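Survey of secondary and tertiary structure
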Amino acid sequence: MGKPQQLSLFVTGTDTGVGKTLVSTALLHALARHYPRVVGMKPVAAGTTLILGAEANDDVLALRAASSCRVPPELDNPILLPDAVSPHIAATRAGVRIAIAHIVACHRQLLQLADAVVVEGAGGFMVPLSDTETGADLAQALALPVVLVVGLRLGCLNHALLTAAAIRARGLTLAGWVANHIDPSMLAQGDNIAFLQQQLAAPLLASIAHQPQPDPQTLNLELPLAWQSTP
């Protein structure tokens, strides 16, 4: 096997709270077996707590803990907003403008420092970043293969199909998806997964069983061969 090529992925979800950070950190751990330097990026993080005298976001901290190299914080998290609300509202409250061009520039710099970059989007794919731009605009500007996290609960089929359609409408590749069993009481979960396997036309990277505190290092992700070492 030869030297791995450089890789970057964009992780989005059918909604907020469906496990994007869990999947992003699991991807970082899995990719670290093939790439010497892996790093996570959370372009826009909304919601902070005070840790050791500094404002911090839990998702950002989780991505940094799963990364194998350290980068300047202004690169892996260009926009940190205090309020845990939609990014466009949080930005307005903080007097901050979310500039997609700046995020793209930060991502470009990360590619100079790492071999694999996992970019975790905020909320769902169409989450507003401003009055005129959304997370879909950011994903389109980054032009990365997309991994979709589907939170298995009632209504997920509609959300998954709509999100997949929106991803492809932006000219992006749905490179894979993950089924995350967030509602253990949901009926016919296997049937839902089977339906999505047929309809999404993208590889199922993992089916994550419901657990109170999942460990991303133990999740078994089936990485496509193109994301692994090259011949």
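Here we summarise the structure given alongside this text.

Definitions and limits used
Residues numbered from 1 in each chain as written. Predicted model: local features only at pLDDT ≥ 70, side-chain atom pairs only at ≥ 80, totals over all residues. Heavy atoms only, no water. Buried < 20%, exposed > 50% of the residue type's maximum accessible area, 1.4 Å probe, protein only. Helix = DSSP H or I, 4+ residues; strand = E, 2+ residues; numbered from the N terminus. Pairing = 2+ DSSP bridges. Axes fitted to C-alpha atoms, helices over the stretch in contact; angles between N-to-C directions. Polar contact = N/O pair within 3.5 Å; in protein donor to acceptor, adjacent residues only side chain to side chain. Parallel < 35°, antiparallel > 145°, perpendicular 65-115°, else oblique. Left-handed = near helix turned anticlockwise from the far one by under 90°. Contact = heavy atoms within 4.5 Å. Nonpolar A, V, L, I, M, F, W, Y, C, P; charged D, E, K, R; others polar.

**Digging into the pairing of strand β1 (residues 7–13)**
- Across the seven residues of β1, seven count as buried, placing the element largely inside the fold.
- Here β1 shows a buried face lined by Leu 7, Leu 9, Val 11 and Gly 13 and a second buried face lined by Ser 8, Phe 10 and Thr 12.
- The pairing of β1 with strand β7 (residues 116–120) spans five bridges and is classified as parallel. When the bridges of β7 are listed, Val 11 appears paired with Glu 120.

**Focus on the sheet that holds β7**
- Spatially, six strands are ordered β2-β7-β1-β8-β9-β10 in an open sheet, and the strand pairing comes out parallel. Only two strands of the sheet have a single partner each, and these edge strands are β2 (38–41) and β10 (204–208). With direction set aside, neighbouring strand axes in the sheet form an average angle of 20 degrees.
- As judged from the four bridges shared by strand β9 (residues 174–180) and β10, these two strands associate in the parallel manner. Pairing of Trp 177 across the sheet is with Leu 204, part of β10.

**Some words on the side chain of Ser 8**
- Within the secondary structure layout, Ser 8 lies in strand β1.
- With relative accessibility at 8%, the residue Ser 8 sits in the buried group.
- One polar contact links Ser 8 to His 107, side chain to side chain, over a distance of 2.8 Å.
- Of note is the side chain of Ser 8, whose polar atom sits 3.1 Å from the backbone oxygen of Val 117.

**Comments concerning the environment of Gln 199**
- Of note, Gln 199 is situated in helix α8 (residues 189–199).
- On the basis of relative accessible area, Gln 199 is assigned to the partly exposed category, the value being 43%.

**Looking at the packing of helix α5 (residues 100–113) against helix α6 (residues 135–142)**
- Remark: α5 packs on α6, axes separated minimally by 10 Å, with the N-to-C direction vectors making an angle of 40 degrees. By the angle class used here, α5 and α6 are oblique. Crossing handedness for the pair α5 and α6: right-handed. Judged by residue contacts, Ile 100, Ile 103, Val 104 and His 107 of α5 engage Asp 137, Leu 138, Ala 141 and Leu 142 from α6.
- Across the contact of α5 with α6, the residue classes tally to six nonpolar, one polar and one charged.

**A word on unusual backbone geometry**
- A positive phi is found at Leu 52, a non-glycine position, where the angle reads about 50 degrees.
- Among the secondary structure elements, Leu 52 is positioned in the loop between β4 (49–51) and β5 (54–56).
- One non-glycine residue with positive phi stands out, namely Ala 188, at about 55 degrees.
- Relative to the helices and strands, Ala 188 resides in the loop between β9 and α8.

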